[in-house]
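Examining the three-dimensional arrangement
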Amino acid sequence: MTGRWCVLLVIGMVAMFGEAVQAKPASAYAGWTQVFGKNREYRVEYWVRKPCAKPWLDPIILVPGMTGRAESWAQQTAFIQALDRLCPAGIYALSLRGRGASDSPKMGWEPEDHQTDIATVARTEKLARFHLVAHSVGVGYALGYSLLAQSVLNSVVLGDYFPGIVALTPEWAKRVR
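As a starting point, this report considers the structure included with it. (Residues numbered from 1 in each chain as written. Predicted model: local features only at pLDDT ≥ 70, side-chain atom pairs only at ≥ 80, totals over all residues. Heavy atoms only, no water.)

1. Focus on unusual backbone geometry
For arginine 40, which is not a glycine, the phi torsion comes out positive at approximately 55°. A relative accessible area of 54% places arginine 40 in the exposed class. (Buried < 20%, exposed > 50% of the residue type's maximum accessible area, 1.4 Å probe, protein only.)

In structure tokens:
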């Protein structure tokens with residue numbers, strides 16, 4: 001895994017948030033394992049997939065959109081199969097705070113807080129370099145993180161969102177929980 005790679009895959013990202021689907025455990029999806037990292041006092045859920053015995057591409061962290069979770073990525077079989085063919089050292093699908101099985105803190109809903117959820121996966125997995133793929137509102141969090149962590153990123157792939165963060169109300173936060 002030497003050199004710098006820039007991978008741009010935006011396959012099927014538009015369809016990530018169709019109708020609501022009953023949540024399933026990681027074990028229901030072939031090749032995925034559920035893991036938890038610690039972000040201060042909060043648990044951050046992410047799912048791990050290691051598709052290759054001898055990988056040649058650095059790992060990939062997947063950041064979902066507004067209501068997405070790790071499972072949202074696992075449901076995108078064509079997209080994940082395309083990533084598998086790249087033979088990365090690992091695929092890490094994140095559930096940001098308040099989504100999936102990640103904790104839902106009473107405070108800490110600023111973009112910077114979500115950026116630390118991304119950092120939690122990289123730190124817990126000891127990823128020296130990786131690719132970052134983000135969808136929808138996750139784009140804003142990924143952009144903020146990428147400004148702080150340029151030295152560890154090989155590439156940043158952004159899909160289906162404009163480069164910014166929309167202010168959300170406390171009422172919205174209650175609905176997400």
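Next comes the rest of the write-up.
2. Let's talk about the sheet that holds strand β1 (residues 33-39)
The mixed open sheet is built from six strands, whose spatial order is β1-β2-β4-β3-β5-β6. A strand with exactly one partner marks an edge of an open sheet, and here the two such strands are β1 and β6 (153-159). For this sheet, the mean inter-axis angle between neighbouring strands, taken without regard to orientation, is 25°. Judged from the four bridges that link them, strand β3 (residues 60-63) and strand β5 (residues 130-135) form a sheet pairing that is parallel. Each residue of the ladder has a partner; that of isoleucine 60, found in β5, is histidine 131. Set on the sheet, helix α3 (residues 111-124) makes contact with β1, β2 (42-49), β3, β4 (91-95) and β5; between it and β1 the angle comes to about 115°. Of the strands in this sheet, β3, β5 and β6 are in contact with helix α4 (residues 138-148), which crosses β5 at around 150°. (Pairing = 2+ DSSP bridges. Helix = DSSP H or I, 4+ residues; strand = E, 2+ residues; numbered from the N terminus. Axes fitted to C-alpha atoms, helices over the stretch in contact; angles between N-to-C directions. Contact = heavy atoms within 4.5 Å.)

3. Remarks on the nonpolar core
Side chains that are nonpolar tend, in soluble globular proteins, to be buried together. Grouped together as the largest cluster of nonpolar side chains are 22 residues, with contacts concentrated most on Ile61, Val63, Phe130, Leu132 and Tyr145. Considering each element in turn, this core owes the most residues, four residues, to α4. Residues within four places of isoleucine 61 in sequence aside, it is in contact with Tyr92, Ile118, Val121, Ala122, Leu127, Phe130, His131, Leu132 and Val133. (Core = buried A, V, L, I, M, F, W, Y, C linked by side-chain atoms within 4.5 Å.)

4. Re the pattern of salt bridges
If you walk through the whole model with that rule in mind, you get four salt bridges. Between aspartate 117 and arginine 97 there is a salt bridge whose closest N-O contact spans 2.9 Å. You can see aspartate 117 sitting in helix α3 and its partner arginine 97 sitting in the loop between β4 and α3, a full 20 residues away along the chain. Residue classification places arginine 97 among the buried residues on the basis of a relative accessible area of 3%. (Salt bridge = Lys/Arg side-chain N within 4 Å of Asp/Glu carboxyl O.)

5. Digging into the packing of aromatic side chains
Tallied over the full model, the rule gives five aromatic pairs. Ring pairing ties together the aromatic residues Tyr29, Trp32 and Trp47, which thus form one cluster. Sitting over the face of the ring of phenylalanine 36, arginine 43 holds its NZ or CZ atom 3.9 Å from the ring centroid. (Phe/Tyr/Trp six-rings, centres within 6.5 Å; stacked < 30°, edge-to-face > 60°. Lys NZ or Arg CZ within 6 Å of the ring centre and 35° of its normal.)

6. Describing the side chain of asparagine 154
Mapped onto the fold, asparagine 154 is located in strand β6. The buried category is assigned to asparagine 154, whose relative accessible area is 9%.

7. What about the state of the cysteines?
Formally, a disulfide is one covalent bond, and it connects the sulfur atom of one cysteine to the sulfur atom of another. Counted according to the given criterion, the structure contains one disulfide. Disulfide pairing is shown between cysteine 52 and cysteine 87; the S-S distance is 2.2 Å. Of this pair, cysteine 52 sits in the loop between β2 and β3 while cysteine 87 sits in the loop between α2 (77-85) and β4; the two residues are 35 residues apart in sequence, bridging distant segments of the chain. The class of cysteine 52 is buried, set by a relative accessible area of 18%. (Disulfide = S-S within 2.5 Å.)

8. Some words on the packing of α3 against α4
As a packed pair, α3 and α4 sit with axes 9 Å apart at the nearest point and diverge in direction by 70°. Classified by the angle between their axes, α3 and α4 sit roughly perpendicular to one another. Between α3 and α4 the crossing geometry is right-handed. For the pair α3 and α4, the contacting residues are Pro111, His114, Gln115, Ile118, Ala119 and Ala122 in the first and Gly140, Tyr141, Ala142, Gly144, Tyr145 and Leu148 in the second. The residue makeup of the contact of α3 with α4, split by class, is eight nonpolar, four polar and no charged. (Parallel < 35°, antiparallel > 145°, perpendicular 65-115°, else oblique. Left-handed = near helix turned anticlockwise from the far one by under 90°. Nonpolar A, V, L, I, M, F, W, Y, C, P; charged D, E, K, R; others polar.)

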